[in-house]
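So you can see what is in the structure, the chains are spelled out below.
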Amino acid sequence: MLSPIPGVIAWPAIGLVAAVLAGRSVLMRDTVVDQLINRLFLWGLLSLLRYRCAMAPGVASLAHQLALGCTVMSSMCLQGIVRVWAFDADPVAVWRRHRVCGVVAAGCAATILLAGTSARHEGRLVDLSVSRGTSWCGPRSACPCS
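Attention now moves to the overall build of the chain. The helix and strand tally for the chain stands at 4 helices and 2 strands. Buried residues in the chain amount to 29% of all 146 residues. Here the contacts in the chain between residues at least 6 apart in sequence split such that 60% fall between residues at least 24 apart.

In structure tokens form, the structure reads like this:
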């Protein structure tokens, strides 16, 4: 499955993100927020490249699930940035919490890959149920969420 965005638009946008990341990595790396923003850009760039470069047969492919994992990791960086700005947290505490959140995000990304294996083989998305009569908690009639 090819991207719906043409290459003449996508590649310059990806190049711009890469250039901003390179510039920020060299010039702005002193504070906790700078480092978290640099990591946010890095995970975003990896996600963009994963979506763009993978010649995936469909949206249920491994490439898309890896890109989703990169997006989860970038969300953890964004959470750390918000914690510093909104709550004026101590930088040491932010790094400690960010390490814990990074481990949780990596676990979530691994869960996406594990859960997506059977879905990938069946050609469906991770969050879709096996059939219309069942949901994640069993038969639809017994499900409390239906």
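Having seen the structure, we can now continue with the description.
Below, the discussion takes up the pattern of salt bridges. Tallied over the entire structure, the rule returns 1 salt bridge. A salt bridge links aspartate 34 to arginine 24, with the nearest nitrogen and oxygen atoms 3.3 Å apart. With aspartate 34 in helix 2 (residues 32-53) and arginine 24 in helix 1 (residues 7-27), the pair connects residues that are 10 residues apart, well separated along the chain. Here the two residues aspartate 34 and arginine 24 agree in accessibility, since each one is buried.

Turning our attention to the packing of helix 1 against helix 2. In the contact formed by helix 1 and helix 2, the axes pass within 10 Å of each other and the chain directions differ by 155°. Classed by the angle they form, the pair helix 1 and helix 2 counts as roughly antiparallel. Pair helix 1 / helix 2 crosses with left-handed handedness. Where helix 1 abuts helix 2, its residues Gly7, Ala10, Trp11, Ile14, Val17, Ala18, Val20, Leu21, Arg24 and Ser25 lie against Asp34, Ile37, Asn38, Phe41, Leu42, Leu45, Leu48, Leu49, Arg52 and Cys53. Among the residues forming the contact of helix 1 with helix 2, the class breakdown is 14 nonpolar, 3 polar and 3 charged.

With that out of the way, let us pick up the confidence of the model for the chain. Low-pLDDT portions of the prediction should not be read for the details of their coordinates. On average, residues of the chain carry a pLDDT of 80, and 79% of them reach 70 or more. The lowest-confidence element of the chain is strand 1 (residues 134-135), averaging 47 in pLDDT; the highest-confidence one is helix 1, averaging 94.

Before going further, it helps to spend a moment on the side chain of aspartate 34. Using a relative accessible area of 14% as the deciding quantity, one classes aspartate 34 as buried. Not counting the four nearest positions on each side in its chain, aspartate 34 is found in contact with Arg24, Met28 and Arg29.

How each quantity is defined
Position labels on residues start from 1 in each chain and follow its written sequence. Local features in this predicted model are restricted to residues of pLDDT 70 or higher, and side-chain atom pairs are both shown and tallied only at a pLDDT of 80 or more, whereas totals for entire chains, interfaces and linings draw on every residue. Based on all heavy atoms of the structure, the side-chain values leave hydrogens and waters out of the count. Each helix corresponds to a stretch of at least 4 residues labelled H or I by DSSP, and each strand to a stretch of at least 2 residues labelled E; elements are numbered beginning at the N terminus. Only protein chains enter the accessibility calculation, which uses a 1.4 Å probe. A residue is then buried if its area is under 20% of the maximum for its type, exposed if over 50%, and partly exposed in between. Only heavy atoms enter the contact rule, under which two residues are in contact if any of them lie within 4.5 Å. Salt bridges, as used here, are contacts in which a Lys or Arg side-chain nitrogen is within 4 Å of a carboxyl oxygen on Asp or Glu. In this analysis, axes come from line fits to C-alpha atoms, helices being fitted only over the stretch in contact, and the angle between any two N-to-C directions falls in the range 0 to 180 degrees. Every angle not falling under 35 degrees, over 145, or within 65 to 115 is termed oblique; those three ranges are roughly parallel, roughly antiparallel and roughly perpendicular. Crossing handedness: left-handed means the near helix sits turned counterclockwise from the far one by under a right angle, and right-handed means the same turn made clockwise. Residue polarity is assigned by list, with Asp, Glu, Lys and Arg as charged and Ala, Val, Leu, Ile, Met, Phe, Trp, Tyr, Cys and Pro as nonpolar; anything else, Gly included, falls into the polar class. Here pLDDT means the predictor's own confidence in every residue, given as a number from 0 to 100.

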